[in-house]
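Residue-level structural notes
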Amino acid sequence: MTGFLSHAQRRGMWAAFLLMAAYAPFTAWLSDDDTWFLSIVVAGLVATVLLADDRERGARRARRD
């Protein structure tokens, strides 16, 4: 069963999460201000959506069984 994200959207969300999580340390190292924090916030928001989709998938599996 699927959650509210399709498989293609889910793959894109994972790619965005990994990209932002990897980009934040480089931004922190290269800049003097706190703009790197935006990458952490975006990665956290994407992770929240992925966790909500996982929960929806689990709930649909439980209802089906």
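Only a predicted model underlies this, so the values are computations on that prediction, with no experimental measurement involved.

Thoughts on the overall build of the chain
Scanning the chain from N- to C-terminus turns up 2 helices and 0 strands. The C-alpha atoms of the chain give 15 Å as radius of gyration, which overshoots the globular expectation for 65 residues (11 Å, by more than 25%). C-alpha atoms of the chain, sized along the principal axes, occupy 55 × 15 × 10 Å. A sequence separation of at least 24 residues applies to 70% of the contacts in the chain between residues at least 6 apart. In the form shown here, the chain has an accessible surface area of approximately 4,900 Å², with 67% of it arising from carbon and sulfur atoms. When the 8 basic and 7 acidic side-chain charges of the chain are each reduced to a single mean position, those positions are 17 Å apart.

Concerning the packing of aromatic side chains
Under the counting rule described, the total for this entry stands at 2 aromatic pairs. Here the aromatic rings of W14 and F17 are separated by 5.8 Å at their centres, their planes lie at 85°, and the arrangement is edge-to-face. Pair noted here: W14 and F17 are both in helix 1 (residues 7-30), with a separation of 3 residues, about one helical turn. Between W36 and F37, the aromatic rings sit 5.9 Å apart at their centres with planes inclined by 90°, giving edge-to-face as the arrangement. Judged by relative accessible area, F37 falls into the partly exposed class, the value being 47%.

Considerations on helix 2 (residues 36-64)
Along an α-helix, residues three or four positions apart point the same way, because every turn accommodates 3.6 residues. Counted at 1.5 Å a residue, the expected span for helix 2 with its 29 residues is 42 Å, and the 43 Å between its end C-alpha atoms agrees. Those residues of helix 2 lying buried are S39, A43, V46, L50, D53 and R57. Packing partners of the buried residues in helix 2 comprise helix 1.

Some details on a nonpolar patch on the surface
A cluster of nonpolar side chains, namely F37, I40, V41 and L45, defines an oily patch on the protein surface of about 360 Å² accessible area. For F37, the position within the fold is in helix 2.

Details of the environment of M20
Residue placement: M20 occurs in helix 1. Along the primary structure M20 and W36 are separated by 16 residues, whereas in three dimensions their C-alpha atoms are 9.7 Å apart. Setting aside chain neighbours within four positions, we find M20 in contact with S39, V42 and A43.

Here is what the cut-offs are and how they apply
- In this convention, every chain numbers its residues from 1, walking through the sequence in written order.
- Only residues with pLDDT of at least 70 get local features here, since the model is predicted, and only at 80 or more are side-chain atom pairs given and counted; chain-wide, interface and lining totals rely on the full set of residues.
- Water and hydrogen atoms play no part in the side-chain values, which are based on all heavy atoms of the structure.
- Counting from the N terminus, the helices are the DSSP runs of H or I reaching at least four residues and the strands are the DSSP runs of E reaching at least two.
- C-alpha atoms define the radius of gyration in this analysis, and the globule rule sets the expected value at 2.2 Å times the number of residues to the power 0.38.
- It only takes one pair of heavy atoms within 4.5 Å for two residues to be counted as in contact.
- Accessible surface area values rest on a Shrake-Rupley calculation with a 1.4 Å probe, where residue burial reflects the displayed protein chains alone.
- Only four residue types enter the charge count, namely Lys and Arg as positive and Asp and Glu as negative; His and the chain termini do not.
- Where a charge sits is defined by one atom per residue type, namely NZ (Lys), CZ (Arg), CG (Asp) or CD (Glu).
- Aromatic rings from Phe, Tyr and Trp, taking only the six-membered ring of Trp, are treated as a pair when their centres fall within 6.5 Å; an angle between ring planes under 30 degrees marks them as stacked, one over 60 as edge-to-face, and anything in between as tilted.
- We call a residue buried when its accessible area falls under 20% of the maximum for its residue type, exposed when it is over 50%, and partly exposed in between, using a 1.4 Å probe and counting protein chains only.
- A helix's residues, less one, multiplied by 1.5 Å, set its expected span.
- Only residues whose relative accessible area exceeds 30% and that form no salt bridge are eligible for patches; like-charged ones are grouped when within 9 Å, while nonpolar side chains (Val, Leu, Ile, Met, Phe, Trp, Tyr) are grouped when within 5 Å.
- Whenever Lys or Arg places a side-chain nitrogen within 4 Å of a carboxyl oxygen from Asp or Glu, that contact is recorded as a salt bridge.

Remember that the coordinates give geometry; whether it matters functionally is a separate question.
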